[in-house]
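# Coordinate analysis (summary)
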Amino acid sequence: MTSLNLHSYRFSDAIVRLPSPNISQGLRAEDRGDPDPERFAQDHDAYVAALEQAGVRVHRLPPLADFPDSVFIEDVALCLPEAVILLRPGAPSRAGEAEATAAALRECFPVLHRVEDGHVDGGDILATGREILVGLSDRTDNAGIVALGEILDNMGYAMRKVETPPGVLHFKTDCALLDENTVLATPRLAQSGCFDGYEIVETAPDEEAAANAIRVNDHVIMAEGFPVTAGILESRGYHVHCVPNDEAARIDGGMSCMSLRFFAIHQ
Ligand code: CIR
């Protein structure tokens, strides 16, 4: 097993999926209007540029017209340094996205495992420096967590089941890893106790949506519009890079969901 330690936020590569031409039909919990495809594409370009500025090589996969939500590529796989695990997204309209991405993942990883039962969305998985947390949610069920747990156990990784707060799409909607032992979390998730033993940085009042950020090498990439939380992170020494996210937010997308990040030990 390769230690998660640094590889939970030190990455050499990222895979993104260019936005579907049908992005305006993306799933959403609440109607805040359809995303505008042109503005979405511009925001996505800014997001990819932020990844590149953080020092990763970005692999761009072609858009999938049949899958409006496929830009949220994080939900189809869990990338670990030595292997990739193909997941089973829980929304029926997204079920085919994983297989549609398998061939591209095989090009980047020597080994590909598959979750064969239940459902797991990548947005419910947080790899920290010492364990892999998987949040039970409307998209991720017990059967999926058990199936994923068996694969991780065989690979020598510690997995822990946690609860995604009610009404929250994914576990990582409410948290992000900042370093091996530090997480950014909304107060509601911090209070659940799932991060006991970790250092927690809470999002500022009324800035809960800032929690879906990503630490990539020396940068923290977060959505624009959360100045107090950005200031808190900067004051702790993080290099914060804010990118526009208004269009993705209309269909419940944030920073983590638009890329698969990994450290390529075999290339
Ligand atoms: C969905 O509901 O599946 C998409 N509209 C948003 C997915 C966001 N994914 C993520 O946070 N990992």
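Quick caveat, the model's predicted, so the values are computed rather than measured. (Residues numbered from 1 in each chain as written. Predicted model: local features only at pLDDT ≥ 70, side-chain atom pairs only at ≥ 80, totals over all residues. Heavy atoms only, no water.)

### Thoughts on the pattern of salt bridges
Going through the model one piece at a time under the given rule, you end up with 16 salt bridges. Across the pair D34 and R28 runs a salt bridge whose closest N-O atoms are separated by 2.7 Å. Assessed through its relative accessible area of 25%, R28 is described here as partly exposed. Two residues, E131 and R160, come together in a salt bridge whose shortest N-O distance is 2.9 Å. Here E131 is found in the loop between β6 (125-127) and β7 (132-136), whereas its partner R160 is found in strand β8 (residues 159-163), with 29 residues between them in sequence. A residue is classified by how much of its surface remains accessible, and E131, at 12% relative accessible area, is buried. For R160, a relative accessible area of 28% gives the class partly exposed. (Salt bridge = Lys/Arg side-chain N within 4 Å of Asp/Glu carboxyl O. Buried < 20%, exposed > 50% of the residue type's maximum accessible area, 1.4 Å probe, protein only. Helix = DSSP H or I, 4+ residues; strand = E, 2+ residues; numbered from the N terminus.)

### Examining unusual backbone geometry
As a rule of thumb, non-glycine residues mostly have phi less than zero, and peptide bonds are mostly trans rather than cis. Positive phi, close to 65°, is recorded for D206, a residue that is not glycine. With respect to the helices, strands and loops of the structure, D206 is situated in the loop between β11 (199-202) and β12 (214-216). Residue classification places D206 among the exposed residues on the basis of a relative accessible area of 71%.

### As for the side chain of T203
Summarising the element assignment, T203 is placed in the loop between β11 and β12. With residues near it in sequence (within four places) discarded, T203 still touches L184, A185, T186, P187, E208, A210, A211 and T229. (Contact = heavy atoms within 4.5 Å.)

### Section: the site of the ligand
In the vicinity of the ligand, 13 residues are found, and the nearest of them are L27, D69, R94, R139 and I251. Contact distances for the ligand include 2.7 Å between a nitrogen atom and a backbone N or O atom of I251. Taking 350 Å² as the accessible area of the ligand by itself, protein coverage stands at 99%. If you map the ligand onto the pockets, it falls in the largest pocket. Of the residues in the shell around the ligand, the class split is five nonpolar, two polar and six charged. (Near = heavy atom within 4 Å. Polar contact = N/O pair within 3.5 Å; in protein donor to acceptor, adjacent residues only side chain to side chain. Areas by Shrake-Rupley, 256 points an atom, 1.4 Å probe, with all protein chains shown as cover. 1 Å grid on protein atoms, 1.4 Å probe; cavity = no way out; pocket = protein on both sides within 12 Å on 5 of 7 lines; lining within 4 Å. Sits in = over half its atoms within 2 Å of the grid points. Nonpolar A, V, L, I, M, F, W, Y, C, P; charged D, E, K, R; others polar.)

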